[in-house]
Amino acid sequence: MARSRLTPERESELYGAVLELLREVGYDALTMDAVAARTHSSKATLYRQWGSKPELVAKAMRHNKPIKLTEIDTGTLRGDFQAIMELTDDCQMEKDTALMRGLAQAVHANPDLHQALRELLIEPEMSNLRETLDRAVARGEISADNPALKYVPHMIIGAFVARPLIDDQPIDHAFIIDYVNAVVLPSLGV
């Protein structure tokens, strides 16, 4: 069945409502009925457009990242990371981190959510990050055989998980910039 196209504005509005509801009630309590009520749309429209709750959530998360990392090319890896970090403010970073923490718990009980997030959010992000790192290798900033290269996503995600646990502090620009400069870039030999 062909999906009727929503306007980009309407799609953006729906995704915003999904993220808002996710923050309010969490993934398990999020229902298509609640999304339909919040967005003044029908449940049938939501299912026709997105097929399932996991797909809708994953696409809403993806939509929340409007800039592709690969669109950023400052000429240096340090500059690229700096530009990437400037795309969001501390408040948005804290909200996104809380959202990801909630979803990280939900994936354990919802393999379909895990699959949708992997396909629609995680794999594209990892691919974009690899492309950014590959450019740094091509420019000679990083050695192609640097063993830390394959762990960059783990280091970055680890910072987002560890900061609230270890320091009882939210993620903010100052921390992430310091972390990238003190840990990620030196491990890559930059």
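Residues numbered from 1 in each chain as written. Predicted model: local features only at pLDDT ≥ 70, side-chain atom pairs only at ≥ 80, totals over all residues. Heavy atoms only, no water.

(A) A look at the nonpolar core. Ranked by size, the top nonpolar core spans 27 residues in total, and within it Val 18, Leu 22, Val 57, Met 61, Leu 103, Leu 113 and Leu 117 carry the most contacts. Taken together, the elements giving at least two residues each to this core come down to α1 (8-29), α2 (32-39), α3 (43-50), α4 (53-63), α6 (90-109) and α7 (111-138). No other element matches the seven residues that α1 contributes to this core. Sequence-distant contacts of Leu 22, defined by excluding residues within four places in its chain, comprise Tyr 27, Leu 30, Val 57, Leu 99 and Leu 103. (Core = buried A, V, L, I, M, F, W, Y, C linked by side-chain atoms within 4.5 Å. Buried < 20%, exposed > 50% of the residue type's maximum accessible area, 1.4 Å probe, protein only. Helix = DSSP H or I, 4+ residues; strand = E, 2+ residues; numbered from the N terminus. Contact = heavy atoms within 4.5 Å.)

(B) Expanded view of the side chain of Thr 132. With respect to the helices, strands and loops of the structure, Thr 132 is situated in helix α7. On the basis of relative accessibility, which here comes to 0%, the residue Thr 132 falls in the buried class. Thr 132 has contacts with Leu 69, Leu 77 and Asp 80, leaving out every residue within four places of it along the chain.

(C) Inspection of the pattern of salt bridges at higher detail. As enumerated under the stated definition, the model contains 14 salt bridges in all. Between Arg 62 and Glu 125 there is a salt bridge whose closest N-O contact spans 2.7 Å. Pair noted here: Arg 62 is in helix α4 and Glu 125 is in helix α7, with a separation of 63 residues, a long-range link. For the salt bridge of Arg 118 with Glu 123, the shortest nitrogen-to-oxygen distance reads 3.6 Å. Overlapping salt bridges bring together Asp 73, Asp 80, Arg 135, Arg 139 and Glu 141 as one network. (Salt bridge = Lys/Arg side-chain N within 4 Å of Asp/Glu carboxyl O.)

(D) Examining α1 more closely. An ideal rise of 1.5 Å per residue puts 32 Å on 22 residues; α1 reaches only 27 Å between its terminal C-alpha atoms. Remark: the principal bend of α1, roughly 85 degrees, maps to Arg 23. What α1 keeps buried is the set Glu 11, Leu 14, Tyr 15, Ala 17, Val 18, Leu 19, Leu 21, Leu 22 and Tyr 27. For α1, the secondary structure elements touched by its buried residues are α2, α3, α4, α6 and α7. (Expected span 1.5 Å × (residues − 1). Bend = angle between axes of the 7 residues up to and from the residue.)

(E) Structural context of unusual backbone geometry. Positive phi is not limited to glycine here, since His 40 has a value of about 55 degrees. Position of His 40 among the secondary structure elements: in the loop between α2 and α3. Residue classification places His 40 among the exposed positions, given a relative accessible area of 74%. Positive phi outside glycine occurs at Asp 168, with the angle close to 55 degrees. Along the polypeptide, Asp 168 turns up in the loop between α8 (152-167) and α9 (173-187).

(F) Examining the confidence of the model for the protein more closely. The pLDDT averaged across the protein works out to 88; a share of 97% of its residues lies at or above 70. Per-element mean pLDDT across the protein ranges from 80 in α6 up to 94 in α9. (pLDDT = per-residue confidence, 0-100.)

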